[in-house]
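Letter by letter, the chains look like this.
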Amino acid sequence: MASLEEEIRRRRTFAIISHPDAGKTTLTEKLLLYGGAIHVAGAVKSNKIRKTATSDWMEIERQRGISVATSVMGFEYEGYKINILDTPGHEDFAEDTFRTLTAVDSVIIVVDSAKGVEKQTRRLMEVCRMRSTPVIVFINKLDREGRDAFDLLDELEAELAMQVCPMTWPIGMGERFKGVYNLFKSSLSLFKSDKQHVAEEVVEIDSLEDPALHQYIGEESTHRLREESELVRGCYPKPDLEAYRKGQQAPVFFGSALNNFGVKELLQTFIEIAPSPKDTMAQERVVSPYEPTFSGFVFKIHANMDPNHRSSIAFVKICSGCFRRNEYYRHLRLDKKFRFAAPTAFMAQKKEIVEEAFAGDIVGLPDTGNFKIGDTLTEGEELHFKGLPSFSPELFQYIDNADPMKQKQLAKGIEQLMGEGVAQLFINTFNNRRIIGTVGQLQFEVIKFRLLHEYGAECRWTPISLYKACWIETDDSTALEHFKLRKVQQMARDIEGRDVFLAESPYLLRMAEEEFPSIRFHFTNEF
């Protein structure tokens, strides 16, 4: 039996993030393929290959060819236990991704070689920078025409605000793409197009002066590779493990996830250098993963993992110790003890019951409405993990029932979907109407689709013109009562029953702040 410390040291928990369509879900598939977790990779968008991507299992994801929810997948590879969180790239689902980044120890960023760093990648990078999360970059789609490798590296350096360190180097691109050269192992991977199986020819060469190089990639490519690798060695720093783990240096790999190319080097380097589980900040103290007692927090809730049973699953990131099936753990917010008979580990939608899980792992706990995002579970200690805020939404609509016979189903559906953190629910205290707030238009479509297909309830949207939902607090109860009377039509309550002011414009919000100086207005619900 491995000791607790050995089990935790062999864990690698990371998220894959990118702008939509950069190839993130495809890369996830290929990592699972190498890990032996699946035997044939599914294309995310393809009519020829009837198998859809393992991580895109929700009905709407299959129809749209995009990921709308974070999925969790675990597999064993060369003695390591690897947990991948594949996040939605679409900005309308950014909040799910931000929360996921609180549950991982490192990140792989996928960049499209033709488009470079895009808007969504930039926002996610800010979150990684704030948390000093170690980052590896995978520049994808080299089998298509793209931008110059040096230009891409310059842009990455500027956008990530950290040093970049190329680990492999591309030989040509698009039609002229011959393969990649490993700068530190002096090995050459020759490109063959094979989308579904692991196939890659690696040629060991002594150095770039090896006369055999011409035979593999031709005269012109050999000359160019020698020149470019000389430049790379002169311009970029050597790999520095300490700098990478502090979030100051990003190793960069080139490849084509669709063709399985360059993925193996990425995976090999990742397991060697990526950090094992790190300390977690709680409000009370710093929690080390190697502590013998269990602690963890809920970073995501997913309703209807199995539509036949209407079950919700709470995703728990284990921060310390070992979680055991059928043991009692304390739910801090409810101050109750719970025992879990069927904790699960994930291979996307496929779940298997686990007897135990260790710090760094993600376990799914069946939830009948006991959990909220941010809840803490411990063996008894008072601990509260921070950093899972909900942001003020950007778009608002009234949600109404379109079928009077399905009132109950609609109420249940809204309650479960809001519990997932998909969007936010506000109840207007003046007319009792339900208002849904989201960060993107696509979320309204997803909610409508899921209410209909998962709960059999039809909803109707009515637009409402609002600028911001602000959580309010004050130490002056008289001022609060006065404010609520004056703003009676703009007051609402959130799902927790907290007071929320619905500001119709920046001007009206500024006026309210000036008129009621003793009231504090917050744009996230964590204050």
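Cut-offs applied
Note on numbering: residues in each chain are counted from 1, in written sequence order. This being a predicted model, a pLDDT of at least 70 is required before a residue's local features are given, and a value of 80 or more before pairs of side-chain atoms are given or counted; all residues contribute to the totals for chains, interfaces and linings. Side-chain measures here rest on the full set of heavy atoms in the structure, leaving out hydrogens and waters. UniProt positions are given in the numbering used here, feature names are shortened, and annotations may be inferred rather than shown by experiment. Residues forming no salt bridge and having over 30% relative accessible area are the ones grouped into patches, like charges within 9 Å of each other and nonpolar side chains (Val, Leu, Ile, Met, Phe, Trp, Tyr) within 5 Å. Exposure was quantified through the Shrake-Rupley algorithm and a 1.4 Å probe, taking into account, for residues, occlusion by the shown protein chains and nothing else. We count a salt bridge whenever a side-chain nitrogen from Lys or Arg sits within 4 Å of a carboxyl oxygen from Asp or Glu. Helical segments are the DSSP runs of H or I of at least four residues, strand segments are the runs of E of at least two, and each set is numbered from the N terminus. Two strands qualify as a pair provided that DSSP identifies no fewer than 2 bridges between them. Comment: axis = line fitted to C-alpha atoms, over the contacting stretch for helices; angle = value between 0 and 180 degrees taken between N-to-C directions. Residue contacts follow a heavy-atom distance rule, with two residues in contact if any of their heavy atoms lie within 4.5 Å. One fewer than the residue count of a helix, multiplied by 1.5 Å, yields its expected span. A 1.4 Å probe rolled over the protein chains alone gives each residue an accessible area, and that area as a share of the maximum for its type sets the label: buried under 20%, exposed over 50%, partly exposed in between. In this description, one arc is meant: the one made by directions from the helix axis to the C-beta atoms. Polar contact criterion, stated in full: a pair of N or O atoms within 3.5 Å, where within protein one must be able to donate a hydrogen and the other to accept it, and residues adjacent in sequence count only if both atoms are side-chain atoms. The definition of a nonpolar core used throughout is a set of buried Ala, Val, Leu, Ile, Met, Phe, Trp, Tyr and Cys residues joined through side-chain atoms within 4.5 Å. Two rings belonging to Phe, Tyr or Trp (six-membered ring only in the last case) form a pair when the distance between their centres is within 6.5 Å. Interplanar angles under 30 degrees mark stacking, angles over 60 mark edge-to-face geometry, and anything in between is tilted. Both a distance and an angle decide whether a charge sits over a ring: NZ of Lys or CZ of Arg must be within 6 Å of the ring centre and within 35 degrees of the ring normal. A residue's pLDDT is the confidence the predictor assigns to it, expressed on a 0 to 100 scale.

The name recorded for the protein chain in an unreviewed UniProt entry is Peptide chain release factor 3, from Porphyromonas miyakawae. UniProt annotates the protein chain under Sequence similarities (unreviewed entry) with the comment "Belongs to the TRAFAC class translation factor GTPase superfamily. Classic translation factor GTPase family. PrfC subfamily." The record held by UniProt for the protein chain lists under Subcellular location (unreviewed entry) the comment "Cytoplasm".

**A short note on a nonpolar patch on the surface**
Together, Y507, L508 and M511 make up an exposed nonpolar region whose accessible area comes to about 280 Å². For M511, the position within the fold is in helix α14 (residues 506–515).

**Some thoughts on the sheet that holds strand β30 (residues 499–503)**
Reading across the sheet, the 8 strands line up as β27-β24-β26-β25-β29-β30-β28-β31 and stay open at both edges, with antiparallel pairing between neighbours. With partners counted over all chains shown, the strands left at the sheet margins are β27 (459–463) and β31 (520–522), one partner each. On average, each strand axis in the sheet is tilted by 40° relative to the strand beside it, whichever way the strands run. Here helix α12 (residues 441–455) sits on the sheet and contacts β24 (395–401), β26 (434–438) and β27; the angle it forms with β24, its principal contact strand, is near 20°.

**Remarks on helix α6 (residues 149–160)**
Working note: α-helix, 3.6 residues per turn, so residues spaced by three or four point in the same direction. Taking 1.5 Å per residue, 12 residues should reach 16 Å; α6 reaches 16 Å between its end C-alpha atoms and fits that length. If you check which residues of α6 are buried, you get A149, F150, L152, L153, L156 and L160. Down the axis of α6, the buried side of the element spans an arc of 160°, and every buried residue falls inside it. If you check the start of α6, you find a side-chain oxygen 3.0 Å away from the backbone N of F150, and it comes from D148.

**A short note on the side chain of K81**
Mapped onto the elements, K81 comes out in strand β3 (residues 80–86). Judged by its relative accessible area of 15%, K81 falls in the buried class. A polar atom in the side chain of K81 sits 3.2 Å from the side chain of N83. Setting aside its immediate chain neighbours within four residues, K81 contacts R10, R11, R12, G74, F75, E76 and D361.

**Let's talk about the nonpolar core**
Nonpolar side chains in soluble globular proteins tend to end up buried together. Counting 56 residues, the largest nonpolar core has L101, V137, L156 and W169 as the members making the most contacts within it. Of the residues forming this core, the biggest block, 6 residues, is contributed by α6. If you look at the next biggest cluster of nonpolar residues, it comprises 28 residues, including L27, I82, C165 and F253.

**Quick notes on the packing of aromatic side chains**
Enumeration according to the criterion identifies 18 aromatic pairs in this entry. Each residue in the set F294, F323, Y329, F338, F340 and F371 is aromatic and connected to the rest through ring pairs, giving one cluster. Sitting over the ring of F315, K300 keeps its end group 5.5 Å from the ring centre. In this structure, R433 packs its charged tip against the face of Y398, placed 3.8 Å from the ring centre.

**What about the pairing of β26?**
In terms of residue burial, β26 counts as a mostly covered element, since 5 of its 5 residues are buried. Burial along β26 is two-sided: R434, I436 and T438 and I435 and G437, pointing in opposite directions, are all buried. As defined by bridge partners, β24 adjoins β26 across 4 bridges and the pair is classed as antiparallel. Residue pairing for β26: Y398 is matched across the bridge by I435. In terms of strand pairing, strand β25 (residues 424–428) meets β26 through 4 bridges, oriented antiparallel. When the bridges of β26 are listed, Q424 appears paired with G437. Following β25, the chain reverses through 5 residues before pairing antiparallel with β26; N432 in that reversal takes a positive phi of roughly 60°.

**Here's the deal with the side chain of T474**
Tracing the backbone through its elements, the reader meets T474 in the loop between β28 (468–473) and α13 (477–486). Residue classification places T474 among the buried residues on the basis of a relative accessible area of 18%. Only 2.8 Å separates the side chain of T474 from the backbone oxygen of S518, close enough to count as a polar contact. With near-sequence residues (within four places) excluded, T474 lies in contact with L480, S518, I519 and R520.

**What about helix α10 (residues 263–273)?**
Among the 11 residues in α10, 9 count as buried, and that is most of the element. What α10 keeps buried is the set V263, E265, L266, L267, Q268, T269, F270, I271 and I273.

**Observations regarding unusual backbone geometry**
A positive phi angle, close to 50°, is found at E78, a residue other than glycine. Here E78 lies in the loop between β2 (71–77) and β3. What makes E78 exposed here is its relative accessible area of 53%. A positive phi is found at K141, a non-glycine position, where the angle reads about 65°. Structurally, K141 is set in the loop between β5 (135–140) and α6. By relative accessible area, K141 is classed as buried at 15%.

**Here we look at the confidence of the model for the protein chain**
Mean pLDDT over the protein chain: 80, with 82% of residues reaching 70 or higher. Within the model, pLDDT remains below 50 along residues 38–52, and this stretch shows 34 contacts once partners closer than five positions in the same chain are excluded. Considering only residues more than four positions removed or in separate chains, one finds that residues 60–70, a stretch of pLDDT under 50, has 46 contacts.

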